[in-house]
Amino acid sequence: MKFSFHMPVRIVAGPHCVIENGALLKELGKKGFIMSGKSAAMNGSLNDMIMTLDAAGIPWVHFAGVKPNPSLQDVREAAEEARASGADFIVALGGGSPIDAAKAVAVLAAGSVTDQELLSRRRFDRVLPLAAVPTTAGTGSEVTPYSILTNDSLQTKSFLNSEQVYPRVAFLDGRYTRDLPPGTTAATVVDALSHAAEGYLAVRATPPARILALESLRIIGRALPVLVSGGALSADMRDELLYASMLAGIVIAQSGTTAVHALGYSLTYFKGLDHGLANGLLLAEYFRFLKKDRPEEIAAILGALGLTDIAMLDRTLGDLLGRITLTPVEIDRFAAIAIKAGNILNTRPQPSEEELKILLGNCFAR
Ligand code: NAP
Ligand code: FE
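Reference entry: report on the structure contained in this document.

**Description of the coordination of the iron ion (ligand 2)**
Taken together, the protein donors to the iron ion (ligand 2) comprise Asp191 (OD), His195 (NE2), His261 (NE2) and His275 (NE2), at separations of 2.1 to 2.3 Å. One way to put it: the four donor atoms around the iron ion (ligand 2) meet at angles of 81 to 166°, and that makes the site irregular. Ordering the donors of the iron ion (ligand 2) by residue number gives the pattern D-x3-H-x65-H-x13-H. In this pair, Asp191 is assigned in helix α7 (residues 182-201) and His261 in helix α10 (residues 259-271), connecting sequence segments 70 residues apart. The exposure class assigned to Asp191 is buried, which follows from its relative accessible area of 3%.

**Some remarks on the pairing of strand β8 (residues 169-172)**
On β8, burial covers both faces: Val169 and Phe171 on one face and Ala170 and Leu172 on the other are all buried. For strand β1 (residues 10-13) and β8, the ladder comprises four bridges, and the chain directions are parallel. When the bridges of β8 are listed, Ala13 appears paired with Leu172. The sheet contact formed by strand β5 (residues 130-134) and β8 spans two bridges and is parallel. The residue of β8 that forms the bridge with Ala132 is Ala170.

**What to know about helix α8 (residues 207-228)**
Helix length check: α8, at 22 residues, gives a terminal C-alpha distance of 31 Å against a target of 32 Å (1.5 Å per residue), a fit within 8%. The sharpest bend along α8 measures roughly 30° and falls at Arg222, with the proline Pro225 sitting one to four residues further on. Along α8, the residues that are buried comprise Ala209, Ala213, Leu214, Ser216, Leu217, Ile219, Ile220, Gly221, Ala223, Leu224 and Leu227. Looking at the buried positions of α8, the neighbouring elements they touch are α7, α9 (235-255), α12 (295-305) and α13 (310-321).

**Here we look at the environment of Leu241**
Locating Leu241 in the fold gives a position in helix α9. Judged by its relative accessible area of 4%, Leu241 is buried. Through-space distance from the C-alpha of Leu241 to that of Val189 is 7.4 Å; in sequence the pair is 52 residues apart. In this view, Leu241 contacts Ala137, Val189, Ile219, Ile220, Ala223 and Leu233; residues no more than four positions away in its chain are not counted.

**Description of the environment of Pro70**
Locating Pro70 in the fold gives a position in the loop between β3 (60-63) and α4 (72-85). Residue Pro70 is classed as buried on the basis of its relative accessible area of 3%. Separated by 215 residues in the primary sequence, Pro70 and Glu285 place their C-alpha atoms 28 Å from one another. If near-sequence neighbours (up to four positions away) are discounted, Pro70 is found in contact with Val75, Ser97, Ala101, Ile148, Leu149 and Thr150.

**As for the site of ligand 1**
Surrounding ligand 1, one finds 29 residues, the nearest of these being Lys38, Ser39, Ser97, Thr136 and Tyr176. At 3.2 Å, a side-chain N or O of Asn69 approaches an oxygen atom of ligand 1. Isolated, ligand 1 exposes 930 Å² of accessible area, and the fraction of that covered by the protein chains is 88%. Counting residues per element, the ones that place at least two in the shell around ligand 1 are α5 (96-108), β6 (146-151) and α7. Here the shell around ligand 1 takes five residues from α5, the largest share from any one element.

**Observations regarding the packing of aromatic side chains**
Per the counting criterion, the structure on display carries six aromatic pairs. With centroids separated by 6.3 Å and ring planes inclined at 75°, the aromatic side chains of Phe159 and Tyr265 adopt a geometry described as edge-to-face. A residue pair is termed long-range when its members are at least 10 positions apart, and Phe159 in strand β7 (residues 156-161) and Tyr265 in helix α10 qualify at 106 residues. Chaining the aromatic ring pairs together yields one cluster made of Tyr146, Phe159 and Tyr265. Lying over the aromatic face of Tyr200, Arg210 brings its terminal NZ or CZ to 4.1 Å of the ring centre.

Rules and cut-offs
Residues numbered from 1 in each chain as written. Chains lettered and ligands numbered in written order. Predicted model: local features only at pLDDT ≥ 70, side-chain atom pairs only at ≥ 80, totals over all residues. Heavy atoms only, no water. Donors = N, O, S within 2.8 Å, 3.2 Å for Na, K, Ca; no water. Tetrahedral: all angles 85-135°; square planar, octahedral: opposite > 155°, others 65-115°. Helix = DSSP H or I, 4+ residues; strand = E, 2+ residues; numbered from the N terminus. Buried < 20%, exposed > 50% of the residue type's maximum accessible area, 1.4 Å probe, protein only. Pairing = 2+ DSSP bridges. Expected span 1.5 Å × (residues − 1). Bend = angle between axes of the 7 residues up to and from the residue. Contact = heavy atoms within 4.5 Å. Near = heavy atom within 4 Å. Polar contact = N/O pair within 3.5 Å; in protein donor to acceptor, adjacent residues only side chain to side chain. Areas by Shrake-Rupley, 256 points an atom, 1.4 Å probe, with all protein chains shown as cover. Phe/Tyr/Trp six-rings, centres within 6.5 Å; stacked < 30°, edge-to-face > 60°. Lys NZ or Arg CZ within 6 Å of the ring centre and 35° of its normal.

In structure tokens, the structure reads:
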């Protein structure tokens, strides 16, 4: 058995974990730059963070302008504000968008780095420390070294991937996720499902990450029937889903994502689909593509989810997420973009561009 496993994020979880752990923020620096979108002011996370920083005597500035799917341009603008504020650490409150934006700002506010360097270098001279408070149960970005940024010059999403942008600390308080609207809940849960499944199947999968993936899938599988029936998730289930999405984040931090994410980026960039929704619409067909070569592993994933076969996964995700259609021109274009993505190399068997077209056609041309 040969593998390496590194997870440098301190994770504290439970109700009121931000307020009870102000000392951890004191370790990060002397002035905080809080980054969020609009919902942080409503879901309780902003209030708790401000109270905690105030109680610890740490001055802060709040940047509330993070948009979903932040672009390279967006993070550069935010980094200018961070630099001007004189903050020496960053706090991200939100879903993957604010957390990923904060990772890029942690690099850009601390040094002079071009877009090309941001997306290709693994080490930077200086990076500001970061604390992350997830308010969606989906991306697991609070425990990954990735920041996924909209790259208009390539018309897709590109990665910053550096161990230096792992948050120093992640605060998991499921109370912040309780009022997530049903559509965002479904899309984000399916993103976590996708991380666990893709990470389990990835070329770079490791034995400990696979164990975490199965546990994450078991938790998500328990929530799926409630989500599909349109029922409300209990507070306990919200807590568990936040835990499951964190586990799935640890999985992709080790294993990376695969063809599903590579293809999903075009659905978000060109069709405006939520990230998790884009992945979810591709998953069943991806399993069909792999099943001939890897039947036991697909069966293990479906079993953990409490599903009997791929058709049942297809129906479940279809009921939860709906369906879209693509034109033949879109299918060719999205396959041509995805085949260039690094996560294609992390897919086994590795699909050709022609096979990506067939996969997209099976999903969306019906
Ligand atoms: P998101 O884009 O962060 O948020 C989606 C929407 O939900 C936003 O309108 C957001 O509002 C709202 N929202 C967030 N928390 C809420 C709450 N508690 N209550 C009510 N509304 C809430 O969605 P996401 O799916 O979490 O993140 C997607 C991004 O993460 C994509 O850019 C994707 O590529 C990236 N991603 C990153 C990784 C990684 O490892 N770094 C992995 C997978 C995906 P506000 O933002 O205005 O508050
Ligand atoms: Fe994702």
